[in-house]
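# Descriptive analysis of the structure
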Amino acid sequence: MKILVIQQKMIGDVLISSIICNNLRKAYPDAQIDYLVNSFTIPVIINNPNISNIIQFTNEHKKSKLAFLKFIQQIRKEKYNIVLDAYGKLESCLITYFSGAPQRIGYGEKDKFFAYNHKVAHPNKKETYQGLAIERRLNLFSFLMQKHQIDSYPHIFLSEKEIAEGAEFFKSQNLDIENTKIIMISVLGSEDNKTYPIAYLIELLNSIAAHYKEVVILFNYMPSQKLKMENIVSQCNSEAKSRINLEINGQDLRSLIKILYHCDLLIGNDGGAVNIAKALNKPTFTLFYAWIDKDSWSIFEDGKLHKAVHLKDFEPENFKNISRKKLKKEYQQFYQKLKPDLFQNEMIHFIKNHIENSHV
């Protein structure tokens, strides 16, 4: 049995869709289960024992029609028995259709060129706290599970060596992880329209520092963004400045994962870091931008381990009869309405619940 799972998108998508591989491994323990992803997302699925081969979809495949054609030919030569398309866009539909697999599974609403011969629902309303992103993917494979129990939670697989490397890095920065409460802040979104206003974020940082005198605050950022981080810190009050450590930072995605493993919780913008934290079983408090559907991406929000806030939670009337396009275009106006005082007390209470029950 040879199975191909396709998810050409961002870090969170790839991590969430990895549950397909994890669960199919239970039903088909001897199968070759390959996972086709964008190259830059690979660090979140390294060491996953349920994936036989990681197939990289590169920028060259995206930009060059010839390279894409050769890529499809390579996929076809593999003679997969089952292809599951979790992406549902033009490229993945073409890959699925021309794979020649006897069973080609995808969302009926996203089918192009009759790519799928087994179509499943792509619902727009969540039914459980798992969230739409999970529920949609369950539709893709649950009927293949042969009565095996489904684990709908994504996982990141760190080796003992990587865990030790993360601990050693903290030690090299003179931080005792066994006796220190550590909060990771996801400061910037992947785009400006996915980034909580910096002035508001600074208010939150000052509030955290005021309430928790011994907490160490880390920022999730790329090395190229350090000047931006230093500028943000410079605007914080003296108490918050004393809590923030910019030197403990991942130089790449995998090193970020190793650092986050040793943190107590993550707070900040919705994005890849939030999904990584959830896959590491870390509590998360997520800030959603107005033009994203919270029901889709706030996975496993139970108000205890994972909590998220969206302007719609506080001002639902602003979202009646308004298009996603308009929300995206006017994102600054809507983000400015998500003021810290709407949820700050709730966030402080969330932190209290988790750092008092952490490893310290």
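Residues numbered from 1 in each chain as written. Predicted model: local features only at pLDDT ≥ 70, side-chain atom pairs only at ≥ 80, totals over all residues. Heavy atoms only, no water.

For the protein chain, the count of helices and strands is 16 helices and twelve strands. Taken over the C-alpha trace, the protein chain has a radius of gyration of 21 Å; the compact-globule value for 360 residues is 21 Å, and the two agree within 12%. Overall, the C-alpha framework of the protein chain stretches about 65 × 50 × 40 Å when taken along its three principal axes. In the protein chain, the share of contacts with a sequence separation of at least 24, taken over all contacts with a separation of at least 6, comes to 63%. Only carbon and sulfur atoms are counted for the fraction: they give 50% of the accessible area of the protein chain, which is about 16800 Å². Both charge centroids of the protein chain, one from 47 positive and one from 39 negative side chains, sit 7 Å from each other. (Helix = DSSP H or I, 4+ residues; strand = E, 2+ residues; numbered from the N terminus. Rg over C-alpha atoms; globule rule 2.2 N^0.38 Å. Contact = heavy atoms within 4.5 Å. Areas by Shrake-Rupley, 256 points an atom, 1.4 Å probe, with all protein chains shown as cover. Lys, Arg positive; Asp, Glu negative; His and termini not counted. Charge placed at Lys NZ, Arg CZ, Asp CG, Glu CD.)

With that settled, consider the sheet that holds strand 10 (residues 265–269). Taking strand neighbours across the sheet as the criterion, the six strands line up as 9-8-7-10-11-12 in an open arrangement whose pairing is parallel. Only two strands of the sheet have a single neighbouring strand rather than two, namely strand 9 (244–245) and strand 12 (306–309). Summarising the sheet, strand 7 (residues 182–186) and strand 10 pair through four bridges and their orientation is parallel. From the neighbouring strand, Ile183 faces strand 10, where its bridge partner is Leu265. Of the strands in this sheet, strand 7, strand 10, strand 11 (284–287) and strand 12 are in contact with helix 16 (residues 344–355), which crosses strand 10 at around 155 degrees. (Pairing = 2+ DSSP bridges. Axes fitted to C-alpha atoms, helices over the stretch in contact; angles between N-to-C directions.)

Each strand in a sheet pairs with another by means of backbone hydrogen bonds, the pair being arranged parallel or else antiparallel. The six strands lie next to each other as 3-2-1-4-5-6, forming an open sheet whose pairing is parallel. Looking at strand neighbours, the two that pair on one side only are strand 3 (53–57) and strand 6 (118–120), the edges of this open sheet. When strand polarity is set aside, the average angle formed by the axes of neighbouring strands in this sheet is 20 degrees. Most of the contacts of helix 1 (residues 11–27) go to strand 2 (residues 32–38), to which it runs at about 175 degrees, and overall it touches strand 1 (2–7), strand 2 and strand 4 (82–85). In the packing of helix 4 (residues 90–98) onto the sheet, contacts are made with strand 1, strand 2, strand 3, strand 4 and strand 5 (103–107), and the angle to strand 4 comes to roughly 170 degrees.

All chains considered together, the criterion is met by twelve aromatic pairs. Consider the rings of Tyr97 and Phe98, whose centres lie 5.0 Å apart with planes at 85 degrees: the pair is edge-to-face. For Tyr97, a relative accessible area of 36% translates into the label partly exposed. Judged by its relative accessible area of 37%, Phe98 is partly exposed. Aromatic rings pair up to connect Tyr196, Tyr200, Phe285, Tyr335, Phe343 and Phe350 into one cluster. When the ring centre of Tyr80 is taken as reference, the NZ or CZ atom of Lys2 above it lies at 5.6 Å. Over the ring of Tyr261 we find Lys282, and its NZ or CZ is 5.5 Å from the ring centre. (Phe/Tyr/Trp six-rings, centres within 6.5 Å; stacked < 30°, edge-to-face > 60°. Buried < 20%, exposed > 50% of the residue type's maximum accessible area, 1.4 Å probe, protein only. Lys NZ or Arg CZ within 6 Å of the ring centre and 35° of its normal.)

Leu24, Leu84, Ile185, Ile208, Phe219, Ile276 and Ile351 are the most contacted members of the largest nonpolar core, which totals 109 residues. With nine residues, helix 1 is the single largest residue contributor to this core. When residues no more than four places from it in sequence are discounted, the contact partners of Leu84 are Ile3, Leu4, Val5, Ile6, Ile20, Leu24, Ile105, Leu140, Phe141 and Leu144. (Core = buried A, V, L, I, M, F, W, Y, C linked by side-chain atoms within 4.5 Å.)

This next bit is on the packing of helix 3 (residues 65–77) against helix 4. Each packed pair of helices is defined by two parameters, the angle between the axes and the distance between the axes. Two numbers describe how helix 3 lies on helix 4: the axes approach to 9 Å, and their chain directions differ by 40 degrees. One element, helix 3, and the other, helix 4, form an angle in the oblique class. The handedness of the crossing between helix 3 and helix 4 is right-handed. For the pair helix 3 and helix 4, the contacting residues are Phe68, Phe71, Ile72, Ile75 and Arg76 in the first and Glu91, Leu94, Ile95 and Phe98 in the second. (Parallel < 35°, antiparallel > 145°, perpendicular 65-115°, else oblique. Left-handed = near helix turned anticlockwise from the far one by under 90°.)

All chains considered together, the criterion is met by zero disulfides. As a non-bridged cysteine, Cys93 has Cys21 as the owner of its nearest cysteine sulfur, 18 Å distant. The thiol of Cys263 is unpaired, and the distance to the nearest cysteine sulfur, on Cys236, comes to 18 Å. (Disulfide = S-S within 2.5 Å.)

Taken together, Lys9, Lys89, Arg324 and Lys328 make up a surface patch of like positive charges. Mapped onto the elements, Lys89 comes out in the loop between strand 4 and helix 4. (Patch = residues over 30% accessible without salt bridge, like charges linked within 9 Å, V, L, I, M, F, W, Y side chains within 5 Å. Salt bridge = Lys/Arg side-chain N within 4 Å of Asp/Glu carboxyl O.)

A word on the side chain of Asn48. Along the chain, Asn48 turns up in the loop between strand 2 and strand 3. When its relative accessible area of 5% is taken as the criterion, Asn48 is described as buried. A distance of 3.0 Å separates the side chain of Asn48 from the side chain of Asn22, its partner in a polar contact. With residues near it in sequence (within four places) discarded, Asn48 still touches Ser18, Asn22 and Phe157. (Polar contact = N/O pair within 3.5 Å; in protein donor to acceptor, adjacent residues only side chain to side chain.)

Side chains that differ in sign of charge can pair as their charged atoms come close. Scanning the entire structure with this criterion turns up 16 salt bridges. Across the pair Lys62 and Glu91 runs a salt bridge, and its minimum N-O distance is 3.4 Å. With Lys62 in helix 2 (residues 59–63) and Glu91 in helix 4, the pair connects residues that are 29 residues apart, well separated along the chain. Here Lys258 makes a salt bridge to Glu165, at a shortest N to O gap of 2.9 Å. With Lys258 in helix 10 (residues 253–260) and Glu165 in helix 6 (residues 160–172), the pair connects residues that are 93 residues apart, well separated along the chain. Taken together, the salt bridges that share partners define one network made up of Lys161, Glu165 and Lys258.

Function cannot be read off these values alone, since they describe shape.
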